[in-house]
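What follows is the residue order along each chain.
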Amino acid sequence: MAVPKTLTLPAIPIRDMVLFPGARVPFVVGRSASVRTLELAIKAGDHLLMLTQKDAKVEAPGQDDLYPIGTLALVESVLALPKDYYKVGVKGIARVSLRRYDDSGEIIQAEAYLLAEPTQPPTESLQPFHQAVEAFLGRNSDASRLLSMDQIRELPLGKAIDTVAGLLPAEVKQKQEILDQLEIGPRLEAMMRLLELDAARSEVDRTLDEKTRQRLDQDHKQYVLNEKMRVIQQELGKKEEKDEFARLKDQIEAAGMSAEARAKALEELERLEAMPPQSAEATVSRTYLDWLLALPWTTMADERLDLMEAERVLDEDHSGLDKIKARILEHLAVMARLQKVSDMNEGGPPGRAASSASPLVLPHAEAGQSPSAASTKVSEGENRPPLRGPILCLVGPPGVGKTSLARSIARALNRPFVRLSLGGVRDEAEIRGHRRTYIGSMPGRIISLMKKAKVRNPLMLLDEIDKMASDFRGDPSSALLEVLDPEQNANFQDHYLDVGFDLSQVLFLATANIRHQIPEPLEDRLEVLELSGYTTKEKLAIAEQHLLPRALEGHGMKDLGVHFEPAALEKLVQDYTREAGVRQLEREIANILRKLARHTLQPEKGEAFDPVITAERVPKLLGPEKFLETRAEDTAPPGLVNGLAWTPTGGDLLTIEAAVLPGKGVLKLTGKLGEVMQESANLALSYVRARAERLGLKRDFLDSVDLHVHVPEGAIPKDGPSAGITLATALISVLTGIPARADLAMTGELTLRGRVLPIGGLKEKLLAAHRQGRKAVLIPSENARHLEEIPAEVREQLSIHLVSHMDEVIQLALTRMPQPLGAESAGPGRENPATAQ
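Predicted, not measured: the structure shown is a model, and the values here were computed from it. (Residues numbered from 1 in each chain as written. Predicted model: local features only at pLDDT ≥ 70, side-chain atom pairs only at ≥ 80, totals over all residues. Heavy atoms only, no water.)

1. Concerning the confidence of the model for the chain
Then comes step 1: The pLDDT averaged across the chain works out to 82; a share of 88% of its residues lies at or above 70.
Then comes step 2: Mean pLDDT in the chain bottoms out at helix 27 (residues 828-831), which sits at 42, and peaks at strand 24 (residues 756-757), which reaches 95.
Then comes step 3: Segment residues 348-378 is flagged for pLDDT under 50; beyond a separation of four residues in sequence, or across chains, it makes 156 contacts in the model.
Then comes step 4: Here residues 824-837 is modelled with pLDDT under 50, and outside its nearest four sequence neighbours on either side it reaches 37 contacts, counting other chains as well. (pLDDT = per-residue confidence, 0-100. Helix = DSSP H or I, 4+ residues; strand = E, 2+ residues; numbered from the N terminus. Contact = heavy atoms within 4.5 Å.)

This is the structure:
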C-alpha cells in the first residue's frame, strides 16, 4: 500500500461552498488572514488548500471548525476589488485530508495528505446514474449550458460524479458528504440521493408554479368578467346601483342629521356613485356613510324623572351610601324641576320628562342592572334643550359600588347604559377617532358608544377616569374636556366623522379611585363625591341582601337551601377579608359555594353536603384565617403607639415603634418613610427636646443616646404629615418609659409649638380603627365638623376625643403623665433615657 504524499501549503477557509476536483470556481477573499495567505500562495507556486467551514458565521475558524476533507487547488486568476477584496478563480486538483491547521501567524498554513483517486469501476450498472443526470440537466438550464451527457459518459465515473456535484444546487453539508467519500461506490450512492432529492424539490416547485399560474389565470378571468359586467350595467343604465344609491339618499334625508352632516353625507354619496364598486375608495366611502346613518341623530329615550322610583331603585341595589344617594336624588330633583319649567314654557304637558344633558362623573364600581336599548321607549324628532348642571364624580376605593351606582341611576331614569373604560388609555384617537386618511380608521369610542346606545340621551359611564395616561400620541384627558363641557359638547367633533355631533343630551358619569390622580383640568369641572369604605354592619347587610342571592344564582344553588349564619358571614368579613369594599368578600362566598357544589356531586371525595354554613365550618372550607384580628392589649411596651393611615383601598392601622440606644443623638428612621413623614419625625423630636424638662428629661438627654423609629411593613411606602402626634407620642413614651394605651389610636399633624392640625381621610381612618378593635381615637378638634359623615355605629362604639394641643394627646394617650424635673416621682427616662424602654 502506497504512503500518502504529505503537503504543507497555504490554506484558505471558504464559506457556503465546496470545491470539487476538476471544478473551476470563482470566489471573493476579504478576511485579512486569507488575503495574506493568497499572496503567499501566488508567490509560492499558485497552489493552496481549500477547506470548507462547518459554520459560515465563524469569522476566525480553527481546525475543529473545518471539514477534514478539502481540495488542493490551483490559482488561475486574481482580480483586485475595492476595499481590499479580491476575486479569485481556482481549479480543484485533488482531494486532501487535513492533518494540521495553523492560523497562529500572519498567514494560514496547513499540512494535509494528498488522496489518490480510486480506479476500480463500480459493480452496479451506470444506467440509473446517467438517467438521473440527464433528467437533472433537462430541468436545469444553467447546468445544461456548462455540461452535456456526452461529456459525462467520456469522463471517469469519479470525475463525472464530482463534476455533477459541483453544479447541483444543494446545501453545503450535502455536497461535503460527496467530497468525503473516497470510494466510488459510496460516492455514487450519495450522488444518487442528492439527485433524487433535487428531482423531488423540482416537482414541488413545478406544482406550486402551476397552481400559482392557475390562480393568476382565474383572477384575470374574474377581472375580465367584472369589467364586462360593469360595461353591461352601464349599458343598462345602472338600474340596480341607482336603486341602491336612491335608497341611501332616502335614508340620509330621513335620518334627521344636522345640516352640516346632511351636506357631508350627500357629498360623499355623490363621490361613491362616481367610483368603481370594486375600488378601495368605494369601501371607505360606504363605511363612512354607514356610520353616519347608524348614529342616533334624533332618537331619544323616554326617560322618567320619578324621585320615588329612583330612591326605590337605589335602595334596592345598594345598602348604605346614604349621603351619596341623597346627592344623586338632589341632582335628579333639579333635573325634574328644570324639565317642568321647560315644559311649561313650551306649553307641553307638565308630566312629560325631558332628557338631561348635565353630566355626572362617578368613580369605579360593581355589578348592577342596566336597561337595554331594545326595551327603552324612544321618541323621534324631539330637540330638547340641554339641562345643564354640575358634573358629579364619585371617588372611592375599589369595591364600594361606584359602577353599580351608575347602572342603578340608568335603570331609575330608564336610560340605556353604556360604559367607556379609560384605564390605560393614552391615545387621543381613542376619544376623537382617527382621520379617514389613515388605513383602517374608525370613529372614537364616544361615537362608537352612541351608535351602541341607539339614542341621543344614554347614560354614559366614564370608568377609571383617574387612570388615563398621555404620551407622544396625545392627551386623552384634554379631548374629554370638550366631551364634558356643556358649552362645547353640543357640537362634538370626531376626527373620523369630521362633522359635529350633539352630546348635550347625554348624562355622563365617571368613576375614580384616587382623587389626586385625576388630571387637574378635568377635576376643575367635577363635583367630587367621595365614597368611603363600609362598616362591618354594612358589609353583612350587603352580603345578605345582594352578594349571597347573586352568588347562589350564579352557581346554580338557589334550590338547595344554602344558608349562611350571621356568625359565619361576620367571620368571613373579619378573618378572611380586609378591604374597604366587598369584592374579596364576594370571592370568598363564591369559594365556599364551589366547594358545596362539589359536595353535592362527589360526597365520597369529602364531607357530605350540608347547606348550613356556620362559623366553625368556614376554616374547614377556606383554610386558616387570612387576617388575624389585632385585639387591643391591656398594656403595651413603652415606645409602641397606634396611628391611623389612609390608603387607596381604605384606612389602616399604622403601628409606630420607637427604641432608645446608646449613641450620640442620631435619629434613625426605617420603614420606607416618605420625605414628609421623615420631616414629621424630626419635628416631633424637636418638640420633645424643647419640652424636655416638662417631660421629666434632662436638656442634654440626646448627648448619649440614639433614637430609632420604625414603622412595620417596611416594603410599603408611607408618607404624609398626619402621623405627627403619633411619632411624638412614641418618642415621649420610649424616653420616659411610660407605655401608651394599647386600645387607643390617633391621627393628627403636629407643629413645633405643639398645635394639632386637621387631617384628611377621617372616615377611612375611623373605620380602620373600628375594624381593628380599637376603643378610643384621638383626632384634631378641627375635624369635628367631619364627624357627621361617620356612620352612627362607629361613633357609638368608638370613644372619639378631640384634641387641639400635644399636651392633651399626652394626657389621653399615656397610661400616666410624665413628672417634670424636680418633682418627687422620677421617671426612668429622666435619670437614664437609654434604659427607659
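2. A few points about the side chain of S97
Then comes step 1: Of note, S97 is situated in strand 5 (residues 85-102).
Then comes step 2: Judged by relative accessible area, which is 19%, S97 ranks as buried.
Then comes step 3: The residues contacting S97, other than those within four sequence positions of it, are P68, I69, E111, A112, Y113 and L115. (Buried < 20%, exposed > 50% of the residue type's maximum accessible area, 1.4 Å probe, protein only.)

3. Some details on a nonpolar patch on the surface
Then comes step 1: Side chains of V28, L79, L81 and Y85 sit close together on the surface and give an oily, nonpolar patch of about 350 Å² of accessible area.
Then comes step 2: Mapped onto the elements, V28 comes out in strand 2 (residues 24-29). (Patch = residues over 30% accessible without salt bridge, like charges linked within 9 Å, V, L, I, M, F, W, Y side chains within 5 Å. Areas by Shrake-Rupley, 256 points an atom, 1.4 Å probe, with all protein chains shown as cover. Salt bridge = Lys/Arg side-chain N within 4 Å of Asp/Glu carboxyl O.)

4. Here we look at the packing of aromatic side chains
Each aromatic ring pair is specified by the distance between its two centres and by the angle formed by the two planes.
Then comes step 1: Taken as a whole and judged by the stated rule, the model has two aromatic pairs.
Then comes step 2: Residues W297 and F501 carry aromatic rings whose centres are separated by 5.0 Å and whose planes lie at 65° to one another, so their mutual orientation is edge-to-face. Remark: F501 occurs in strand 13 (residues 500-501) and W297 occurs in the loop between helix 10 (280-294) and strand 7 (300-301); sequence separation between them is 204 residues.
Then comes step 3: According to the relative accessible area criterion, F501 is buried, its value standing at 2%.
Then comes step 4: Stacked on the ring of Y288, the Lys or Arg R436 has its end atom at 3.8 Å from the ring centre.
Then comes step 5: K451 extends its terminal NZ or CZ atom over the ring of W291, reaching a point 4.2 Å from the ring centre. (Phe/Tyr/Trp six-rings, centres within 6.5 Å; stacked < 30°, edge-to-face > 60°. Lys NZ or Arg CZ within 6 Å of the ring centre and 35° of its normal.)

5. Brief notes about the pairing of strand 21 (residues 705-710)
Then comes step 1: With four bridges connecting them, strand 20 (residues 667-670) and strand 21 associate as parallel partners. Residue pairing across strands places T670 opposite H710, the latter belonging to strand 21.
Then comes step 2: You can see the chain leave strand 20, run along helix 22 (residues 675-690) and come back into strand 21, and the turn it takes is left-handed. (Pairing = 2+ DSSP bridges. Right-handed = clockwise from strand over helix to strand, strands pointing away.)

6. So, the pattern of salt bridges
Then comes step 1: Counted under the stated rule, the structure contains 40 salt bridges.
Then comes step 2: Across the salt bridge formed by E253 and R262, the nearest N and O atoms sit 2.9 Å from each other.
Then comes step 3: Here R262 falls in the partly exposed class, since its relative accessible area comes to 35%.
Then comes step 4: For E268, the salt bridge is made with R271, and the minimal N-O distance between the two is 2.7 Å. Pair noted here: E268 and R271 are both in helix 9 (residues 259-273), with a separation of three residues, about one helical turn.

7. Some points on the sheet that holds strand 11 (residues 459-463)
Then comes step 1: Judged by pairing direction, the sheet is parallel, and its five strands sit side by side in the order 10-11-14-9-15 without closing on themselves. Pairing within the sheet leaves two strands with one partner each, and these edge strands are strand 10 (417-421) and strand 15 (526-530). On average, adjacent strands in this sheet sit at an angle of 25° to one another, irrespective of strand direction.
Then comes step 2: Relative to strand 14 (residues 507-512), strand 11 is paired through four bridges, and the arrangement is parallel. Bridging from a neighbouring strand, L459 pairs with L507 of strand 14.
Then comes step 3: Against the sheet, helix 15 (residues 445-453) touches strand 10 and strand 11, its axis set at about 160° to strand 10. (Axes fitted to C-alpha atoms, helices over the stretch in contact; angles between N-to-C directions.)

8. Concerning the nonpolar core
Then comes step 1: By size, the foremost hydrophobic cluster in this structure holds 55 residues, and its most contacted members are W297, M460, L462, I465, L480, V483 and L503.
Then comes step 2: Contact partners of L480, with chain neighbours within four places excluded, come to L422, I431, L462, I465, M468 and L522.
Then comes step 3: Residues L531, A568, L585 and V618 belong to the second largest nonpolar core, which totals 53 residues. (Core = buried A, V, L, I, M, F, W, Y, C linked by side-chain atoms within 4.5 Å.)

9. Quick word on unusual backbone geometry
Then comes step 1: Of note, D16 is a non-glycine position whose phi angle comes to about 60°, a positive value.
Then comes step 2: By the element assignment, D16 lies in the loop between strand 1 (5-14) and strand 2.

10. Points about helix 24 (residues 762-771)
Then comes step 1: With nine of ten residues buried, helix 24 is to be regarded as a mostly interior element.
Then comes step 2: Looking at helix 24, one finds that the buried residues are L762, K763, E764, K765, L766, L767, A768, A769 and H770.
Then comes step 3: Two residues or fewer past helix 24, G773 is found with a positive phi of approximately 80°.

11. Here we look at the side chain of T37
Then comes step 1: Structurally, T37 can be placed in helix 1 (residues 32-44).
Then comes step 2: Relative accessible area serves as the criterion here: at 0%, T37 is assigned to the buried category.
Then comes step 3: Setting aside anything within four residues of it in sequence, one finds T37 in contact with P10, A11, I12, I107 and I108.

12. Describing helix 15
Then comes step 1: Burial in helix 15 covers these residues: I446, I447, L449, M450 and A453. The arc that holds the buried residues of helix 15, viewed along the axis, is 160°, so those residues lie on one side.
Then comes step 2: Just beyond helix 15, the residue with positive phi is K454, at close to 70°. (Arc of directions from axis to C-beta.)

13. A short note on the environment of E171
Then comes step 1: Inspection of the secondary structure puts E171 in the loop between helix 5 (157-167) and helix 6 (172-180).
Then comes step 2: When its relative accessible area of 55% is taken as the criterion, E171 is described as exposed.
Then comes step 3: Put simply, E171 and M17 are 154 residues apart on the chain and 8.5 Å apart in space, counted from C-alpha to C-alpha.

14. Quick look at the packing of helix 22 against helix 23 (residues 724-736)
Then comes step 1: Running from N to C, helix 22 and helix 23 point in directions that differ by 45°, and their axes come no closer than 8 Å. In terms of their interaxial angle, helix 22 and helix 23 are classed as oblique. Relative to helix 23, the crossing made by helix 22 is right-handed. From helix 22, M677, S680, A681, A684, L685 and V688 reach across to helix 23, where they touch G724, L727, A728, L731, I732 and L735.
Then comes step 2: Within the contact of helix 22 with helix 23, the residues separate by chemical class into ten nonpolar, two polar and no charged. (Parallel < 35°, antiparallel > 145°, perpendicular 65-115°, else oblique. Left-handed = near helix turned anticlockwise from the far one by under 90°. Nonpolar A, V, L, I, M, F, W, Y, C, P; charged D, E, K, R; others polar.)

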